[in-house]
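# Inside the fold
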Amino acid sequence: MAPQLGLHELLHVFSFLDARDLLCAAQVDKVWNEVSGTTELWRQLCLRRWARADARIALGAHTWKRYYLSRAELEFRLGSGRPGDFVCRAIAGHRGAIRELAALSAHECRLDGRGRSVVCTVSSDGTARAWDLREGTEIWSSPAQPAALVNLVTYPRLQLVVTVDERGLLKVWEPENGREAASARLPAPSSALEACHPPEGPFLLAACADGALCTLTVPGLRLRTRVTTFPSQPASLLCSPDHQWVFAWTQNSDLGPKVLRTHSLLCPAEDAPPVSTALPVWLTSGACWAPGEAARLVVMHRDNTGLQLVITTYEPRTRASRDAVDVVVQQVARFVLPDTMMPPHLMKGHGSQVILLASGSELLLFNIHGLQLAAFQDHRKRITSLWVDQSRAITSSFDLSLRVYVWTKDKNCPVLRSCYHLLGGSHRWASGFTHVAGDSTSIVGVEARSEGTSILRSYHFQVRRG
């Protein structure tokens, strides 16, 4: 008779198995069933698959095993998009066109039934609103403002919403009831807002049409610094994943884009400009930070002749001397986009190496060295918005559809797989989707109506509770 393995030996062997094999081992006998359900085995599987799995959130699903099985099932449903996997709702409320939306839900995936999928919107009707995507209901609406609201940012960890109107009036709204918590007026209308939440504390960046870049406290909206980046030129803004850098540029301008150190904006030296450097490029048309790196910047611009479209990747760092701190930017990669390609109008990053470009109705993937990884022609009309996270990419289009793509890996290289369409309403009433966003359980698109208004169309994926 073959010797029996002890419990510790079995536990060591089972630590090399994946979830499917552990479930098979549980069918052998009572001892194997008990060992294969050990908490530490399933905890390690969760942390391997979802590095940010939170113990408090996971244990809301009762056990690590139940959390793993429920979340894996949810991801399968998000990747398959079968009619029974989700509930679609049309959510109306705004009397004008929705200008922007942003998720207010926490990034953690809750499987205990206590999490909510919440997005906030601003509209030309002068209101900001919050919506529960799972229930398909409005949570709150702000009072109508004197001017149309044009942009917003959210702070999910603080559960705060910041909006700006077309005249440059900023306001903070409380998430529970939509009451005004603070306000401040910018020196000029805003061209861009960026929410930053480093470990040192949250702050807001606001670029103005007169070229000023303002840094404000959150939630009080107290002005900390105001500097001029591009005189009399509105700028676009992007904050790096580590919140240590800000990239500012003017669209298709001869002015060179700038990389600024956020510490010098928050704690400026007396009578000294912020620590920054200008990149040696011009006619910048797009940019993104690589989310898989602390600070890797990808910039789309024209070459010296102005004829070819180039994508260059940089990594900024500081260099301290006895008298000052300087910003040094190192070029990591560079390639020229094909001449036959329509100039991209949307740009996002994935991981540390992959760039997604929307070009007309086509979605293309390149690595930072110029190798084309994929091209998708799933839409019949222009792509209007592109949303990307670690597991999915979603596009919206004027063809009144959302397209869902799922990330997989092939020999540790990211691969994007086209999965399914989510359809909007009738073409008789709607002119297409203008925005798209998502979280761990929901997808939402802004559906523009032919009479000039907008509604939300949400797709909430069912979660099996532990």
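Below, the structure is looked at part by part. (Residues numbered from 1 in each chain as written. Predicted model: local features only at pLDDT ≥ 70, side-chain atom pairs only at ≥ 80, totals over all residues. Heavy atoms only, no water.)

### Comments concerning the overall build of the protein
- Along its length, the protein carries seven helices and 32 strands.
- A principal-axis box enclosing the C-alpha atoms of the protein has dimensions of 85 × 55 × 50 Å.
- Burial statistics for the protein: of 466 residues in total, 51% are counted as buried.
- Contacts spanning at least 24 positions in sequence make up 45% of the contacts within the protein whose residues lie at least 6 apart.
- Put simply, the protein shows about 22,100 Å² of open surface, and 49% of that area lies on carbon and sulfur atoms.
- Of note, the protein has its 50 positive side-chain charges centred 3 Å away from the centre of its 43 negative side-chain charges. (Helix = DSSP H or I, 4+ residues; strand = E, 2+ residues; numbered from the N terminus. Buried < 20%, exposed > 50% of the residue type's maximum accessible area, 1.4 Å probe, protein only. Contact = heavy atoms within 4.5 Å. Areas by Shrake-Rupley, 256 points an atom, 1.4 Å probe, with all protein chains shown as cover. Lys, Arg positive; Asp, Glu negative; His and termini not counted. Charge placed at Lys NZ, Arg CZ, Asp CG, Glu CD.)

### Here we look at the pairing of strand S32 (residues 454-461)
- Within S32, eight of the eight residues are buried, leaving the element largely enclosed by the surrounding structure.
- The pairing of strand S1 (residues 86-91) with S32 spans six bridges and is antiparallel. Bridging from a neighbouring strand, Cys88 pairs with Tyr459 of S32.
- Where strand S31 (residues 442-449) meets S32, seven bridges bridge the pair, whose relative direction is antiparallel. Bridged to Gly445 within S32 is Arg457.
- The antiparallel pairing of S31 with S32 creates a hairpin that spans four residues between the two strands, and Gly452 there sits at a positive phi of about 100 degrees. (Pairing = 2+ DSSP bridges.)

### Things to note about the sheet that holds strand S7 (residues 160-165)
- Reading across the sheet, the four strands line up as S6-S7-S8-S9 and stay open at both edges, with antiparallel pairing between neighbours. Pairing within the sheet leaves two strands with one partner each, and these edge strands are strand S6 (149-155) and strand S9 (180-185). The average undirected angle you get between the axes of adjacent strands in this sheet is 20 degrees.
- Pairing of S7 with strand S8 (residues 169-173), which is carried by four bridges, proceeds in the antiparallel orientation. The residue of S8 that forms the bridge with Val162 is Val172. (Axes fitted to C-alpha atoms, helices over the stretch in contact; angles between N-to-C directions.)

### Details of the packing of aromatic side chains
- Tallied over the full model, the rule gives 10 aromatic pairs.
- Each ring, one from Trp50 and one from Tyr67, has its centre 6.0 Å from the other, and the planes form 90 degrees; the classification is edge-to-face. With Trp50 in the loop between helix H4 (39-49) and helix H5 (55-59) and Tyr67 in helix H6 (residues 64-80), this residue pair connects regions lying 17 residues apart in the sequence. Like Trp50, the residue Tyr67 is buried in the burial classification.
- Centroid distance Phe86 to Phe461: 5.3 Å. Interplanar angle 45 degrees. Geometry classified as tilted. With a gap of 375 residues between them, Phe86 in strand S1 and Phe461 in strand S32 connect regions that are remote in the sequence.
- For Phe461, a relative accessible area of 0% puts it in the buried group.
- Ring-pair connections join several aromatic residues into one group, and the members of that group are Trp42, Trp50, Trp64, Tyr67 and Tyr68.
- Sitting over the ring of Phe230, Lys258 keeps its end group 5.4 Å from the ring centre. (Phe/Tyr/Trp six-rings, centres within 6.5 Å; stacked < 30°, edge-to-face > 60°. Lys NZ or Arg CZ within 6 Å of the ring centre and 35° of its normal.)

### Here we look at the pattern of salt bridges
- Inspection of every chain in the model, using the stated rule, returns 15 salt bridges.
- For Glu447, the salt bridge goes to Arg449, with nearest N and O atoms at 3.2 Å.
- What emerges from the salt-bridge pattern is a single network uniting Glu73, Arg77, Arg82 and Asp85. (Salt bridge = Lys/Arg side-chain N within 4 Å of Asp/Glu carboxyl O.)

Coordinates in, geometry out; function isn't part of it.
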